[in-house]
Amino acid sequence: MSALPTTVTAASALAATDPLERLGLLTLGVTLLACVLAVVGVHAYASGRAQRQALVDRLSQAGPPPLAGRSRRFTGVDRRLRRTRAGRHLATRLTGTGLDVTPGEFTVYVLAGSAALWIIAQSLLASFFGPLAALLGVWGAFAFLNWQRAKRIERFINQLPELSRLIANGTQAGLALRTAITMAAEEMDAPAGEELAKVADKLALGHSVDEALGELAKRLPSRELVVLVTTLVLSNKAGGQVVGSLRNLTDTLEQRKETRREVRTQLSQVNMTAYSVPLIGFGVLLMMDRAGPGTLERMTGSFPGQAAVVIAFSLYALGFFLIRRMSRIDV
């Protein structure tokens, strides 16, 4: 008889604890499921964001599309730079130069080169010249970009008469302006072929002729290109005689091409003088240090000597820019 109450008591206790255990197991299961869904959601979000950024990088005009077979370096630095206004401006300048370099790669290379120049100048000349050499390295990098861009613009301007002729022939044959631009992009060499291919890609994505050609004029600014773009845009909007306008523009561009070549030949000696003046000053510094070892270190060890060096460098830079300014003739 005593075993019966004991059995009843145990069954009652088990029945009382079963709901609590089931609730605990249910809570644990829901928690595990929520954790799994959270991990899957974070992974899907990160993957989608990476794909979106890759698509933006491919379609954006701010940077050249990555070439097949070449792995990009410093992608993290490049993504951070492209989010800033200065980074987007740098990407536009790099696109205009035609160099296969991303803003991140350019920034890292410039910083590394400036650090190397700092160390070399500090060891060869004096410690005072280290920061000056680093600043000169940064200025030289952007000056190289400007030179490369000007060189590409010059090559593009030389191709403008042929470009205008091809578009005129295409429109005269009954092709639409978009088709004529695509045809010219396939037939012309770089840089005109590459730039027109970008314009054709923009038109294929749904951009208007005004927007696509306006971006081209922004990448490679020149009077000749602005005139050509304005002629094409106005003819496309108003439906005017685009063939006759392009024929006249072709003759004008040929004449301007010859005039620019003559002016550049006449000013070649002046440009060489502008670059020779700073090199002479740098050579004098090297000769002074070799004639009397430690001369530059003693000269820059006091404030008057440092001020004299800074003033001398400023005068050389001023002379360089004045000579370049006087030799600049807009044709």
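Look up: the structure comes first, before these words.
Residues numbered from 1 in each chain as written. Predicted model: local features only at pLDDT ≥ 70, side-chain atom pairs only at ≥ 80, totals over all residues. Heavy atoms only, no water.

Trainee: Even after reading the chapter, I still don't get the overall build of the protein, so can you show me in this structure?
Mentor: Across its full length, the protein carries 13 helices and zero strands. The N-to-C order of helical and strand elements in the protein reads α-α-α-α-α-α-α-α-α-α-α-α-α. Taking all 331 residues of the protein together, 29% fall into the buried category. Considering only contacts in the protein between residues 6 or more positions apart, those separated by 24 or more positions represent 67%. (Helix = DSSP H or I, 4+ residues; strand = E, 2+ residues; numbered from the N terminus. Buried < 20%, exposed > 50% of the residue type's maximum accessible area, 1.4 Å probe, protein only. Contact = heavy atoms within 4.5 Å.)

Trainee: Honestly, the layout of surface pockets in this entry has me stumped. Any pointers?
Mentor: Empty space left among the atoms is revealed by rolling a probe the size of a water molecule over them. Within this model, the largest pocket holds a volume of roughly 1500 Å³. Forming the walls of the largest pocket are 33 residues, and the residues nearest its centre are Asn146, Ala150, Lys151, Arg324 and Arg328. Counting only elements with at least two residues in the lining of the largest pocket, the list comes to α5 (129-172), α9 (223-238), α10 (242-266), α11 (268-291) and α13 (303-326). Element by element, the count of residues in the lining of the largest pocket is highest for α5, at 13 residues. (1 Å grid on protein atoms, 1.4 Å probe; cavity = no way out; pocket = protein on both sides within 12 Å on 5 of 7 lines; lining within 4 Å. Points joined across faces, edges and corners; volume = space filled by probe spheres on them.)

Trainee: What am I meant to see in unusual backbone geometry here?
Mentor: Across residues other than glycine, the phi torsion is negative in most instances, and most of the peptide bonds are trans. Cis peptide bonds are those with omega within 30 degrees of zero, and the linkage from alanine 190 to proline 191 qualifies with 5°. Along the chain, proline 191 falls in the loop between α6 (177-187) and α7 (192-204).

Trainee: Hey, could you run me through the side chain of glutamine 159 in this one?
Mentor: Here glutamine 159 is to be found in helix α5. Glutamine 159 gets classed as buried once you look at its relative accessible area, which sits at 15%. Not counting the four nearest positions on each side in its chain, glutamine 159 is found in contact with Met188, Asp189, Ala190, Pro191 and Ala192.

Trainee: What is the right way to read the pattern of salt bridges from this model?
Mentor: Side-chain pairs of opposite charge can arise where the charged atoms are in close proximity. Per the counting criterion, the structure on display carries seven salt bridges. For arginine 219, the salt bridge is made with glutamate 195, and the minimal N-O distance between the two is 2.9 Å. Pair noted here: arginine 219 is in helix α8 (residues 209-219) and glutamate 195 is in helix α7, with a separation of 24 residues, a long-range link. What you see here is one network of salt bridges that share partners, running through Arg152, Glu194, Glu195, Lys198 and Arg219. (Salt bridge = Lys/Arg side-chain N within 4 Å of Asp/Glu carboxyl O.)

Trainee: Please explain empty space enclosed by the protein as it appears in this structure.
Mentor: Evaluated as defined, the whole model comprises one cavity of 30 Å³ or more. Within this model, the largest cavity holds a volume of roughly 50 Å³. Lining the largest cavity are Leu163, Ile167, Ile181, Leu196, Leu213, Leu216, Leu225, Leu228, Val229 and Leu232. Among the secondary structure elements, those contributing two or more residues to the lining of the largest cavity are α5, α8 and α9. Here the lining of the largest cavity takes four residues from α9, the largest share from any one element. Considered class by class, the residues forming the lining of the largest cavity number 10 nonpolar, no polar and no charged. (Nonpolar A, V, L, I, M, F, W, Y, C, P; charged D, E, K, R; others polar.)

Trainee: Can you help me understand the nonpolar core in this one?
Mentor: Soluble globular proteins tend to pack their nonpolar side chains together in the buried interior. Among the nonpolar cores identified, the biggest contains 32 residues, and Phe156, Leu160, Leu163, Ile167, Ile181 and Leu213 are the most heavily contacted of them. At the level of elements, α5, α6, α7, α8, α9 and α10 are the ones that each hand at least two residues to this core. For this core, the element with the most residues is α5, which contributes eight residues. Dropping the residues within four chain positions of it, leucine 163 is found in contact with Phe156, Ala184, Met188, Leu196 and Leu228. Ala121, Ala126, Leu285 and Val309 belong to the second largest nonpolar core, which has nine residues in total. (Core = buried A, V, L, I, M, F, W, Y, C linked by side-chain atoms within 4.5 Å.)

Trainee: I'm lost on the packing of α5 against α7 in this one. Help?
Mentor: Two quantities define a packed helix pair, namely the angle between the helix axes and the distance between the axes. At their nearest, the axes of α5 and α7 sit 9 Å apart, and the two run at 75° to each other. Judged on the interaxial angle alone, α7 and α5 are roughly perpendicular. Taken together, the residues of α7 that come into contact with α5 (itself represented by Arg152, Phe156, Gln159 and Leu163) are Ala192, Glu194, Glu195 and Leu196. Each residue belonging to the contact of α5 with α7 can be placed in one class, and the counts come to four nonpolar, one polar and three charged. (Axes fitted to C-alpha atoms, helices over the stretch in contact; angles between N-to-C directions. Parallel < 35°, antiparallel > 145°, perpendicular 65-115°, else oblique.)

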